Amino acid sequence: MNGQNRSDVKVGATVKIVLKADQRTGKLTEGIVARLLTKSSYHPHGIKVMLEDGQVGRVQEIVE
């Protein structure tokens, strides 16, 4: 799953996000979702989330 649909991203799920600072390089950061920040049901660049460690970025991949 690519993290573009809000319904796929759950609090407590392990995800890989791209941080704002890493958007040029595409470097992914793995963590556990603490909060969903995107209100819409779909976003083409990924749902914006806050990880448990406070980092904010857009979900690129949901780790099973």
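Because the structure is a prediction, the values reported are computed rather than measured.

Chemist: When you look at the sheet that holds strand β1 (residues 14-19) in this model, what are you seeing that I'm missing?
Modeler: In any sheet, the strands associate via hydrogen bonds between backbone groups, in a parallel or an antiparallel arrangement. An order of β1-β2-β3-β4 is seen for the four strands of this closed barrel, with the pairing classed as antiparallel. Mean inter-strand twist for the sheet, computed between neighbouring axes without regard to direction, equals 70°.

Chemist: Could you clarify how one ought to interpret the side chain of aspartate 22 in this entry?
Modeler: Relative to the elements of secondary structure, aspartate 22 occurs in the loop between β1 and β2 (28-36). Exposure remark for aspartate 22: the relative accessible area of 15% places this residue in the buried category. Not counting residues within four places of it along the chain, the set of residues in contact with aspartate 22 comprises Lys27 and Thr29.

Chemist: For this particular structure, what's the right way to read the pairing of β2?
Modeler: Remember that side chains alternate between the two faces of the sheet whenever the strand is regular. In this structure, β1 lies alongside β2, joined through five bridges in antiparallel fashion. Within β2, the residue paired with valine 18 across the bridge is leucine 28. Across three bridges, the pairing between β2 and strand β3 (residues 48-51) is antiparallel. Directly across from arginine 35, in β3, lies its bridge partner methionine 50.

Chemist: Before we go on, may I ask you to explain the environment of lysine 39 in this structure?
Modeler: Position of lysine 39 among the secondary structure elements: in the loop between β2 and β3. Residue classification places lysine 39 among the exposed positions, given a relative accessible area of 71%. Placed 32 residues apart in sequence, lysine 39 and serine 7 show a C-alpha to C-alpha distance of 11 Å.

What counts, and where the lines are drawn
- Residues numbered from 1 in each chain as written.
- Predicted model: local features only at pLDDT ≥ 70, side-chain atom pairs only at ≥ 80, totals over all residues.
- Heavy atoms only, no water.
- Pairing = 2+ DSSP bridges.
- Helix = DSSP H or I, 4+ residues; strand = E, 2+ residues; numbered from the N terminus.
- Axes fitted to C-alpha atoms, helices over the stretch in contact; angles between N-to-C directions.
- Buried < 20%, exposed > 50% of the residue type's maximum accessible area, 1.4 Å probe, protein only.
- Contact = heavy atoms within 4.5 Å.

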